Amino acid sequence: MSDELPEALPKEPTGSISRRDFLKKTGWIAAGVLAPAGALELIFGLKGASSAQAAEAATTAQTVPHWQFLVDANKCVGCGFCVKACKLENDVPYEADASRTWVERHVVTKDGVSHVDSPNSARDGFTTPDIDIGEGKTLQINPEDIAKAFFVPKLCNQCNHPPCVQVCPVGATYKGPDGVVLVDRTWCIGCGYCINACPYGARFFHPVYHTAEKCTFCEHRISKGLLPACVQACPFAARRIGNQNDPTDGVAEVIATQRVEVLKAEYGTNPQCFYIGLDSEVR
Amino acid sequence: MVFLVVVLLVARAIYIPGDFGIHGTFTYNFYRQANVTEWQSVPVKYQGRSYCGSCHQRNYDLIMASPHSVIQCENCHGPGIGHPDTVKKLPIGNSRQLCARCHTYLPYPASGRAVIPGIDPGAPHAPTGMECYDCHNPHQPVPLPNS
């Protein structure tokens, strides 16, 4: 027994550490802690904004537009020219049952039931009083039973806090400098998270490109000083677009100073599509 | 391990464009910057009525003096891109369905449809072989004298 003790003794100091090892290990740990931050900087270009950059950003904020949309639902007659123009302008296959914008018909009967339809996204307008209830079936409503009925144009709300952008795993969708949420078709992997995340159902799969597709406020038109195709096509000025950063913009002034409503404000998405004449039936 | 990291970083440097990164906040502005320009350079298809009017002066003046002045030419005739250089003829667009977009009567007093003259596009307004434009000029719509 006494012979074994000397053998066991040298094993005891394994927990102890020499000054040299301590410094070495501390160095490695410090490097290990700092490395991820350095890697982030390397990979994403994360850098603290210098004061010069901040000043530059402040200047661009005033010159770069921030687009907002104004829908006057009172004026909409459900002709669907906006949907036709949008599909043709933006190469969304005309026969596909998918569209960047659509018009809903809301018919509320006196028994409190709300009937909502948008056949073919209202591409051909509403030319029959019968409600499209899917699978090729329609529902006839006696005009005397109608309490109220109206049309509501819908499109992407270009939210200031877009949930669709937050869920994109690859950085393919983003809020551009002018406030419009865009999809990078070369980067999109088609996972569909954004389509599910949008509370407004504004996104869909493009049948040809097989990527997420959405309204761009006609970025290619508004950046050239033109109106979006739907705004230009609307005969009744039910759709209008404004620039929040332009103090002389009449539409932005209406949004800022008149009584307007947004869809699903409770989601905290801060939508940039504003409505006049929105009924509480509309979600 | 180090080799793997180096391989990944080299692959990343080759595969990912230099302008891909954070342009604002990480949450909303993490993207490839050139894509904005790509979207902005999409060709414009709908030209607007002043483009049409620069050649078709007569029809332009006619419709602009009528209650249909609010309707863009291209709503019925299709987008004017390529016309007249490559697209020689644009569709005329005079089907009953086109007129019915606005002029179908719908019993919706709360909507804008209520202020537009409306008909039932079925019988008796669907006699065989007759179109709306046989009696109504879409560029100069006036109520028929006997209506």
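All of these numbers come straight from a predicted model, not from anything done at the bench.

S.K.: Can you walk me through the overall build of chain A in this structure?
M.R.: The helix and strand tally for chain A stands at 9 helices and 12 strands. Partitioning the contacts of chain A with sequence separation of at least 6, the portion at a separation of at least 24 is 61%. With the model as given, the accessible surface of chain A reaches about 14,500 Å², and the carbon-plus-sulfur share is 56%.

S.K.: Help me understand the pairing of strand β11 (residues 239-243) of chain A in this model?
M.R.: In summary, the side chains of a regular strand alternate between the two faces of the sheet. All names here are of chain A. A large share of β11 lies buried, amounting to 4 of its 5 residues. Pairing of strand β1 (residues 67-72) with β11 involves 5 bridges; the strand directions are antiparallel. If you follow leucine 70 over to β11, its bridge partner there is arginine 240.

S.K.: Any chance you could explain the interface of chain A and chain B here in plain terms?
M.R.: Interface size is commonly expressed as the accessible area that is lost once the parts come together. Counting residues at the interface gives 60 residues for chain A and 48 residues for chain B. Three residues stand out in chain A for area buried against chain B, namely A:Phe81, A:Thr127 and A:Trp187, and they jointly supply 13% of the buried area on that side. If you look at where chain A meets chain B, you find 3 salt bridges. Linking B:Lys45 and A:Asp91 is a salt bridge whose minimum nitrogen-to-oxygen distance equals 3.2 Å.

S.K.: Explanation requested: the nonpolar core in the structure shown.
M.R.: It is characteristic of soluble globular proteins that their nonpolar side chains tend to be buried jointly. Membership of the largest hydrophobic core comes to 44 residues, with the highest contact counts inside it found for A:Phe69, A:Val103, A:Val107, A:Phe151, A:Leu155, A:Phe217 and B:Tyr108. Mapped onto this core, the elements with two or more residues apiece are β1, α4 (81-89), β2 (102-109), β6 (146-154), α8 (229-233) and β12 (273-276) of chain A together with α2 (34-40) of chain B. Ranked by residue count, the leading element in this core is β6(A), at 5 residues. Ignoring anything within four residues of it in the chain, the contact list for A:Val107 reads A:Val113, A:Ser114, A:His115, A:Ile131, A:Ile141, A:Ile146, A:Lys148, A:Ala149 and B:Tyr108.

S.K.: Hey, could you run me through the pattern of salt bridges in this one?
M.R.: A side chain with one charge can pair with a side chain of the opposite charge if their charged atoms come near. Residues and elements named next belong to chain A. Taken as a whole and judged by the stated rule, the model has 14 salt bridges over all chains. Where glutamate 95 meets arginine 123, a salt bridge forms, and the shortest distance between an N and an O atom there is 3.5 Å. With glutamate 95 in the loop between α4 and β2 and arginine 123 in the loop between β3 (114-117) and β4 (131-132), this residue pair connects regions lying 28 residues apart in the sequence. Assessed through its relative accessible area of 8%, arginine 123 is described here as buried. Notably, a salt bridge pairs lysine 154 with glutamate 104, separated by 3.0 Å at the nearest N-O pair. On the criterion of sequence distance, the pair formed by lysine 154 in strand β6 and glutamate 104 in strand β2 is long-range, its members being 50 residues apart. Just as lysine 154 is buried, glutamate 104 falls in that class too.

Rules behind the numbers
- For every chain, the first residue of the written sequence is number 1, and numbering continues from 1 along that sequence.
- Throughout, the order in which chains and ligands are written sets their labels, letters from A for the former and numbers from 1 for the latter.
- Per-residue local features of the predicted model are confined to residues with pLDDT of at least 70, and side-chain atom pairs are confined, for both listing and counting, to 80 or more; whole-chain, interface and lining totals are unaffected and use all residues.
- Note: side-chain values were computed over all heavy atoms of the structure, leaving out hydrogens and water.
- Starting at the N terminus, helices and strands are each numbered in turn, a helix being any DSSP run of H or I of at least four residues and a strand any DSSP run of E of at least two.
- When checking whether two residues touch, look at their non-hydrogen atoms; a contact exists if any pair is within 4.5 Å.
- Working definition of accessibility: Shrake-Rupley area with a 1.4 Å probe, residue cover restricted to the visible protein chains.
- Each residue is placed in one exposure class: buried if its accessible area under a 1.4 Å probe, protein chains only, is under 20% of its type's maximum, exposed if it is over 50%, and partly exposed if it falls in between.
- Strand pairing is defined by DSSP finding a minimum of two bridges between the two strands.
- Two parts placed together each lose some accessible area; with a 1.4 Å probe, that loss summed over both constitutes the buried area.
- Salt bridges are defined as contacts in which a side-chain nitrogen from Lys or Arg sits within 4 Å of a carboxyl oxygen from Asp or Glu.
- We define the nonpolar core as a collection of buried residues of types Ala, Val, Leu, Ile, Met, Phe, Trp, Tyr and Cys that are connected through side-chain atoms lying within 4.5 Å of one another.

It is worth stressing that arrangement in space is one thing and function is another; only the former is reported here.
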